[in-house]
Structures are given as structure tokens and as C-alpha cells.
Amino acid sequence: MEQRNNVTDFVLLGLTQSLQGQKILFVLFLLIYILTITGNFLIVLTVLLSPALDAPMFTFLGYLSFMDAIYTTTITPKMIKDLLFEKRIISFKDCMTQLFLEHLFGGVDIILLVVMAYDRYVAIFKPLHYLTIMNQKRCALLLLLTWVGGLLHAAPHVFFVYNLPFCGSNVIDHFFCDMYPLIKLACTDTYVVSLTVLADDGVISVAIFTILLVSYGVILHSLKNLSQEGRRKALSTCGSHIMVVVLFFVPCIFIYVRPPCILPIDKSMAVFYTVITPMLNPLIYTLRNEEMKSAMRKLWTRKQN
């Protein structure tokens, strides 16, 4: 692709212009990022090292934790570093790279949540055939599908934005490179690009969010046929999945299901799904999953001995 403009870098306005506020946010987000990486990789290591967690559900959970760590790393370290400087610069190519990786890993996360819902459906409705249906080959195929879907989701974003002409301001009113702030800077009609974003990000997010909620609704409705212990375990697992789905999708839907405009609350919503949610996911899954907590205790005890 040939770049159609002379812009070599962008200026990010960041979260705040207050030097005091930047110092406070630097400490806060640095702590959050450390907790996020530690928590998610603790889950990954627990899944990898615990024989009791060899079920497909925990494989997908470990994979989700790994993707959460990578996803937030595409944005958070740059944001934290920028809080130390008054002027925040990002090159055009780095901006396009960040845009691509953000939507690639975000797309993988979205499809993975669908895969996890399918896994719970099979486990509850076809328990006797669960391990046959969710065999190693099918799980690997489903994980590959998440990457294919993420790539198909991210590629159009970079293609359209890369070819937009930027001939005016290069100041992005955000703390990272995202579609609507970049589209706003283009000195051409962006109607087609805006429709693409609305369809690719907005409509798909709403559709998948609705499908997931309906799916988990059907699963929860079927729990009456299980034993009390089965209901408790299924309710705990599905409840965790639903919380993660809501935390991830609601901010995304708020930002992308509308015409391309920048609202003051957008930065806060973006912080939530890029920084806060990846930190909360390990807490949600470990606090509500007895098998995960038990496996972590055994690993800790083994380490102490």
C-alpha cells in the first residue's frame, strides 16, 4: 500500500493535560498494568502446570488470559510512558501498527468468547459426548478460527485508514490510535469508511453480544434439569462468562454503534475495555471458579514444599 499523505507522525492529547493528573494516572495505570500481566499469566501458568485443569474450558480460559495480556500491552505501556511527557508523539507507521494489533487481538477476544459459550453449551447439553465433541483437534481448530476472524476484522481498518489523506491537523484527541479519532482528521469524505466501521465494529459487536446473551440465557434456563451440585458449578462458570461478556462489549458498543463523533466520555469508556477489563477478568474467573482456586492453592503449596 502506498501512503497518500505527507503525515509522518501524530500528536496524542492523552487522558489529561494536567501535569499533576498525569503523575497520579502514571502510578495508577502502572499498578493496574502490573496486576493485569501478573494475574493473567498466573492463570496461564496454572492451566499449563495443573493436570486437573486439562478440560477444554480451562484451555480456552488460559488462552483468553493470554490474549488479554497481549491486547492490553498493545495500548497500556505506550499510554503509561506518555503520561511522563508533556508532548506525546507516535509515528504514522506505529499508529497504523497499534490500530491493527488492537483490532486483531480485540477480534480474537470476541470470537474466543463465542467459542467459550459454545464449549459451555456442549458441556451442559451433551455431557456424555463432551470430550468426544470438544476433542483436541476441534479445540485447536476453534482457536485457529479466532485468529482468522481477528485478522479479517483488523485488516479493513488499517487498509482504509492508511489510504486516507491527512493534510490538516495531526493531533489525535485520544490516548491511542483508534478509528473515529483518526477518521476525524482526514481531509476527505469519510462516509464509506464510517459505514465500514459501523458495520465491522458496531453491528457485529451488537450481533455477537446479543447471540452470547441469548445463548447463556438458554443455558441458564436449562440448569433446572441438573442436580444441585451441577447447577451450582454451571451457574458459577456461566455467571463468570456473562460478566466478562458484559464488561467487554458494553463499552465497545457505546463507542462504535454511532456515527463517527468524539464524546468526552469516550476516553473513559476506552480505558475500561482496554485497561480495566483485562485486569478484572482474572479476578472474575479465579474468585468464581473453585477448580481454578484449588489448582492455584496446590501449585502454591507445591512451590512452598
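For clarity, every value in this text was computed on a predicted model and none was experimentally measured.

Engineer: Give me a nonpolar patch on the surface: which residues, what numbers.
Structural biologist: On the surface, Tyr118, Tyr121, Phe125, Val214 and Val218 cluster together into a nonpolar patch covering about 430 Å² of accessible area. The biggest single contributor to the nonpolar patch is helix 4 (residues 92–125), with three residues. Structurally, Val218 is set in helix 8 (residues 191–221). Take Val218: its relative accessible area is 43%, and that puts it in the partly exposed class.

Engineer: Tell me what's going on with the packing of aromatic side chains, and back it up with residues and numbers.
Structural biologist: For the structure shown, the criterion picks out 13 aromatic pairs. Ring geometry for Tyr180 against Tyr256: centres 6.0 Å apart, planes inclined by 50°, an arrangement best described as tilted. Residue Tyr180 is located in helix 7 (residues 179–185), and its partner Tyr256 is located in helix 9 (residues 228–256); the two are separated by 76 residues in the primary sequence. You'll find Tyr180 and Tyr256 in the same group, each marked buried. Among the aromatic side chains, those forming a connected cluster through ring pairs are Phe10, Phe92, Tyr162 and Phe166.

Engineer: Residue-level account of the side chain of Asp201, with values.
Structural biologist: Tracing the backbone shows Asp201 in helix 8. Take Asp201: its relative accessible area is 3%, and that puts it in the buried class. Ignoring anything within four residues of it in the chain, the contact list for Asp201 reads His103, His153, His157, Met179, Thr196 and Tyr256.

Engineer: Any details on the confidence of the model for the protein chain? Residues and values, ideally.
Structural biologist: For the protein chain, per-residue confidence averages 86 on the pLDDT scale, and 95% of positions sit at 70 or higher. Per-element mean pLDDT across the protein chain ranges from 77 in helix 11 (residues 290–304) up to 95 in helix 3 (residues 76–82).

Engineer: Explain the packing of helix 4 against helix 6 (residues 136–162) to me, and be specific about the residues and the numbers.
Structural biologist: In contact at an axis separation of 7 Å, helix 4 and helix 6 are set at 145° when each is read in the N-to-C sense. Where helix 4 crosses over helix 6, the two elements pack in a sense that is right-handed. Here the residues of the contact of helix 4 with helix 6 are counted per class, giving 21 nonpolar, seven polar and one charged.

Engineer: Describe in detail the state of the cysteines, supporting the description with residues and values.
Structural biologist: A disulfide bridge is the covalent bond that connects two cysteines by way of their sulfur atoms. Tallying each qualifying case throughout the model produces two disulfides. Paired through a disulfide, Cys95 and Cys177 show a sulfur-sulfur distance of 2.0 Å. Taking the torsion about the S-S bond as the criterion, the Cys95 to Cys177 disulfide, at about -125°, is left-handed. One end of the pair, Cys95, is in helix 4; the other, Cys177, is in the loop between strand 3 (171–172) and helix 7, and 82 residues separate them in sequence. One disulfide bridge connects Cys167 with Cys187, the sulfur atoms lying 1.9 Å from each other.

Engineer: Hey, could you go over the sheet that holds strand 1 (residues 9–12) for me, with residue numbers and the actual values?
Structural biologist: Strands sit in the order 2-1-3 across an open sheet of three strands; the sheet is mixed. Two strands lie at the open edges of the sheet, namely strand 2 (88–91) and strand 3, each paired on one side alone. Both strand 1 and strand 3 contribute to a ladder of two bridges, which runs parallel. Bridge assignment links Leu12 to a residue of strand 3, and that residue is Ile172. Sitting on the sheet, helix 4 is in contact with strand 1, strand 2 and strand 3, with an inclination near 80° to strand 2.

Engineer: Break down the packing of helix 6 against helix 8 for me, with residues and values.
Structural biologist: Between two packed helices, the angle of one axis relative to the other and the distance separating the axes together describe the packing. Interhelical geometry of helix 6 versus helix 8 gives an angle of 165° and a closest axis separation of 11 Å. Put simply, helix 6 runs roughly antiparallel to helix 8. Taken as a pair, helix 6 and helix 8 cross one another with a handedness that is left-handed. Taken together, the residues of helix 8 that come into contact with helix 6 (itself represented by His153, Pro156, His157 and Phe160) are Val193, Thr196, Asp200 and Asp201. Here the contact of helix 6 with helix 8 is built from residues that sort into three nonpolar, three polar and two charged.

Procedures and definitions
Residues numbered from 1 in each chain as written. Predicted model: local features only at pLDDT ≥ 70, side-chain atom pairs only at ≥ 80, totals over all residues. Heavy atoms only, no water. Patch = residues over 30% accessible without salt bridge, like charges linked within 9 Å, V, L, I, M, F, W, Y side chains within 5 Å. Areas by Shrake-Rupley, 256 points an atom, 1.4 Å probe, with all protein chains shown as cover. Salt bridge = Lys/Arg side-chain N within 4 Å of Asp/Glu carboxyl O. Helix = DSSP H or I, 4+ residues; strand = E, 2+ residues; numbered from the N terminus. Buried < 20%, exposed > 50% of the residue type's maximum accessible area, 1.4 Å probe, protein only. Phe/Tyr/Trp six-rings, centres within 6.5 Å; stacked < 30°, edge-to-face > 60°. Contact = heavy atoms within 4.5 Å. pLDDT = per-residue confidence, 0-100. Axes fitted to C-alpha atoms, helices over the stretch in contact; angles between N-to-C directions. Left-handed = near helix turned anticlockwise from the far one by under 90°. Nonpolar A, V, L, I, M, F, W, Y, C, P; charged D, E, K, R; others polar. Disulfide = S-S within 2.5 Å. Pairing = 2+ DSSP bridges. Parallel < 35°, antiparallel > 145°, perpendicular 65-115°, else oblique.

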